[in-house]
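What follows is each chain in one-letter form.
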There are 2 protein chains.
Amino acid sequence: MTDSNHKIRIKDIALLAGVSEGTVDRVLHNRGDVSVKSREAVTKVLEEMNYSPNLFARSLASKKNFRFVCLIPSYQPGEYWESVDKGFNQAAQEFLHHNIIIEKKFFNQFDNQSFVTVTEEVLQDLPDAVILSPIFRNESIWFIEKLQETETPFSFIDSLIEDMTYNTYYGQNSFQSGYIAAKMLLSSMSEGSQIVIIRTKRKGSVSNQTLSRNKGFFQFVDDNKLQDKVQIISVEFSSNDEAGNLEILRGIFENNQNIKALITFNSKVYRLAAHLDTLGKMNLRLIGYDLLDENVKYLKMGTINLLFAQRPDKQAYLSVRDMCRKLIFRQEINRINYVPIDILMKENIEDYLRFNENN
Amino acid sequence: MTDSNHKIRIKDIALLAGVSEGTVDRVLHNRGDVSVKSREAVTKVLEEMNYSPNLFARSLASKKNFRFVCLIPSYQPGEYWESVDKGFNQAAQEFLHHNIIIEKKFFNQFDNQSFVTVTEEVLQDLPDAVILSPIFRNESIWFIEKLQETETPFSFIDSLIEDMTYNTYYGQNSFQSGYIAAKMLLSSMSEGSQIVIIRTKRKGSVSNQTLSRNKGFFQFVDDNKLQDKVQIISVEFSSNDEAGNLEILRGIFENNQNIKALITFNSKVYRLAAHLDTLGKMNLRLIGYDLLDENVKYLKMGTINLLFAQRPDKQAYLSVRDMCRKLIFRQEINRINYVPIDILMKENIEDYLRFNENN
DNA sequence: CTTTATTCTGTGTGCGAACACAGTTTGATA
DNA sequence: TATCAAACTGTGTTCGCACACAGAATAAAG
C-alpha cells in the first residue's frame, strides 16, 4: 500500500485535473453540468489518487439534516428492548454531528393497534429513513408499502420480512442458534435422558425467532438421529400465570424421573430458573436466550448454564450507521447481516458485558 | 435527558457569557490570559449548557499532528498477528482525519534482538504514543522505562507488564479462558478418560498467555476434584519438527487406549488437527485457541470442535482509539480492558467471522 | 498625568468540503 | 452576425473550532 489517500483534498484533485474545486465537487456528487472532458480528467485523477473525502469536513459543511425514525417496543428495565434502545442512543450521540437526528417511537409489543397508531404518525410526518423490528407482520407490511410509495428507505432489525426492499437487516440466524443450542444441550446426554422444552404463547403475535430456533433445534435432533435416544417433552406455559406455571413444572417433574435438561426459545428463561430454584432442582442443564438482567443473574448463580446472545445494541447501532453510509456517504453496504451467536457461560459473561458496555 | 448538548457552539457560549469566542476558547483549553471574572462567567455557562465540542470541527481546525508507533511481530498470512495488524490498519484509516498517523514497526517474534533494534529506532525519533505487545519481557521493560523518562504514553495489547504506567491494556483474561476450556472439555467426560495436553516450547520466549491458560485449566480440575476421575497426559512438542511430533503423537495413542480429548494452549492447534487427520483419529474432542485461517479450516471440517477467540483486531483498534481519546479528546478511559472469551464452533464461526469483517 | 509594561479580549484567518451564485463559453437559431 | 438559452466553470461563503495577532483595558512606574 502506498501512502496515498493520506490527506488528499479536493483542491489537490482540482489542481491535478486542471479544473476548479467546484468542478471536482460536481463530479463527486454527479450533479451534472460538467463537460465530458472535465469529467474524465477528474475521475481519472480521483482514481489515481485514491481520493477519499474528509467525512467530518463534509458533514460540517453540509446544511442538510436527516431525521431517522426508529420504532421499538416500550420496555421494562432489564428487558431485551432496553439494549436495542441503548444502541439507538449510542448511534444518536455519535451521528449527531453528521446532522442526523434519531427520533425514537415506542409502541406496545402486545398490542398491534398501538403499532398502527405509531406508524400512522410516522407517515404523517415522513422522516428520511425508518428502522424497525417487524414484530407485527401484517401491520408492518402495510406500513412498509406506504414507505415504499414515498421511497422512504427503511431497515429491519431483529427479524425481517422477505421480499421487501429493505436497506439492511441485522439479526441473528435463529435457525442456527436453535441448532447450536441442541448441540450443546444434547451432545453429552446419556441414553434415555428426558429434555423439557418450554413454550410460552405470546400475547401479541407469534415470534418468528422462537419458531426458527425450535426448527433448528429439531433439525439437530434429526441430523443426529436422537429421536429415540432422548425423550423430548414439550410444555406450554402461560404468559402471565406464574403460579400456574410452577405447578405445571412440578407436575412434569413428578411424572418424569429422568429429566436432565430444560430449554426455552424465548428470552424469559429466568422465570424457569426461578421455578427450578423454588422446586430445589439442581444439577439440571438449563439453556436460554438473551442477556436480560434476570437471565444474567441466574447465569452467574449457576442455575442457568448457558445463554445465547445476539448483540441487540449492535443491531440497532449498525442499522443506523449503515443508513448513514448509504444515504449520506453513498457507500456500499451489505443487505443481510447476521449477528454472531454468542455463547455465554458463568465464566465469560462478565468480560463480555463489560466489553459491550464500553465499545 | 434534555436535548441540551445538541449543537451548542462556542459562539453560543460566548454570547451567553458576554465574552468573545476567543475567550471561551482560552477557558476551554485553559491556556491562561483570562480574567477571573470572565473565566467564571464562561465556566458557568459551559456547565449550564452542558457544552460538548464538535470533535470533527476541532480536529479539522487543529494543526497538531500525532504520530503513534505500533510495534507488532511480523507474520505469515493467516497467522495471529495478521488480525492485530488489520485492527491497526482500520484505526489508521479511521483516525487519519483526526491528524493521527499510525506508524507500524515490525520485529521478529522469535528474536529479541530484532525487538531491541526496533525499539532503539523508536527512541531515536520519539512518537507521541506507543502501542506494543510486550512479548519480550525484559527488553520491553527497558524500552518502556525509556519511554517513561520522556513521558511518552504507551499501551499494551495481548499481554501486559504489571506496575508500569501504561495507558490501557487490551487483552484476554487467559486464566479464565483456560478455566473455561477445562470446563467445556471435561464436564461431560466419563470416568477414566484420558486427556492430552500438548505443549510447544516457544523459540523466542515463554508466553505468559499459554502459562495462564494452563493454570486456569488446572484450577478447574482442582475445583471439581477431577484429578482422579480423568487422567491428564502432558506432551511436549517440538516447535519445528512436525514429522517428529506426529511420531510422538502416534506413540501416545498406542500407549493410551482411552484418549477422549486433546487441547493445546497456544494458537497452533491446526498442526495437531492435521496429525489427527493423518492418524485417522476420529471422535476425539479437540480444543484450541485463536482463529488462524488453518484453525478455522479444521473447525469447519469438524476435526477441531472448539476454538476460543480474543478479538485481536479489536484489541489493536481500541488501543489506538483510547489513545486518541486520552491525548486528543481528553476523555476518561478504562485502563484494564478484558476482551470477551468468544466460544466458536462449526455452527457459529461463519457469522462471527463475517460480522467481524464488516464491523 | 503621562509612559510603559502587563494583563486581558476581540477579530480574523484557515482547516476541507458543500453549494449558491455569478461569470464564461458554446452552439443553435433568427 | 447578433441574440440567447444551455452548458459549463470558478469564486465566495459557510460550518465549528483553534490559534495568531492586534488592540484595549488595567496596573505600575515615572
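Now for a quick tour of the structure. (Residues numbered from 1 in each chain as written. Chains lettered and ligands numbered in written order. Predicted model: local features only at pLDDT ≥ 70, side-chain atom pairs only at ≥ 80, totals over all residues. Heavy atoms only, no water.)

Another point: helix α5 (residues 80-95) of chain A. Residues and elements named next belong to chain A. Over its 16 residues, α5 runs 24 Å from end to end, which matches the ideal 22 Å to within 8%, given 1.5 Å per residue. Here α5 has its buried residues at Y80, W81, V84, D85, G87, F88, A91 and F95. The buried residues of α5 occupy an angular sector of 155° when projected down its axis, which confines them to one face. Those residues of α5 that are buried lie in contact with β1 (66-73), β2 (100-107), β3 (129-132), β4 (154-157) and α13 (312-327). (Helix = DSSP H or I, 4+ residues; strand = E, 2+ residues; numbered from the N terminus. Expected span 1.5 Å × (residues − 1). Buried < 20%, exposed > 50% of the residue type's maximum accessible area, 1.4 Å probe, protein only. Arc of directions from axis to C-beta. Contact = heavy atoms within 4.5 Å.)

Moving on: the side chain of A:N348. Within the element layout of this structure, A:N348 appears in the loop between β12 (342-344) and α14 (349-358). Its relative accessible area of 1% is what places A:N348 among the buried residues. Contacts of A:N348, omitting those with residues within four sequence positions, involve A:I343, B:I180, B:I341 and B:I343.

Counting from both sides, the interface comprises 39 residues of chain B and, opposite them, 40 residues of chain A. At the boundary of chain B and chain A, one finds two salt bridges. Its salt-bridge partner being A:K183, residue B:E347 comes within 3.0 Å of it at the nearest N-O pair. The interface formed by chain B and chain A includes nine residue pairs in polar contact (both at pLDDT 80 or more). Mapped by element, the contributors of at least two residues to the side of chain B that touches chain A are α4 (55-61), α8 (174-186), α13 (312-327), β11 (336-339), β12 (342-344) and α14 (349-358) of chain B. (Salt bridge = Lys/Arg side-chain N within 4 Å of Asp/Glu carboxyl O. Polar contact = N/O pair within 3.5 Å; in protein donor to acceptor, adjacent residues only side chain to side chain.)

Let us now look at helix α9 (residues 208-223) of chain A. All names here are of chain A. With 16 residues, α9 should cover 22 Å at 1.5 Å per step; its first-to-last C-alpha distance of 22 Å lies within 8% of that length. Along α9, the residues that are buried comprise Q209, R213, N214, G216, F217, F220 and V221. Mapping the buried residues of α9 onto a view down its axis gives an arc of 160°, with all of them on the same face. Where α9 is buried, its residues touch β5 (169-172), α8 (174-186), β6 (194-200), β7 (231-237), β8 (259-264) and β9 (285-289).

Counting residues in hydrophobic clusters, the biggest one holds 50 residues, and the most contacted among them are A:L186, A:F217, A:F308, B:L186, B:F217 and B:F308. Look past the residues within four positions of A:F217 in its chain and what remains in contact with it is A:G178, A:Y179, A:A181, A:A182, A:L185, A:L186, A:I197, A:I232, A:I263 and A:F265. Within the second largest apolar cluster, 47 residues are counted, among which are B:V130, B:I131, B:I141 and B:L318. (Core = buried A, V, L, I, M, F, W, Y, C linked by side-chain atoms within 4.5 Å.)

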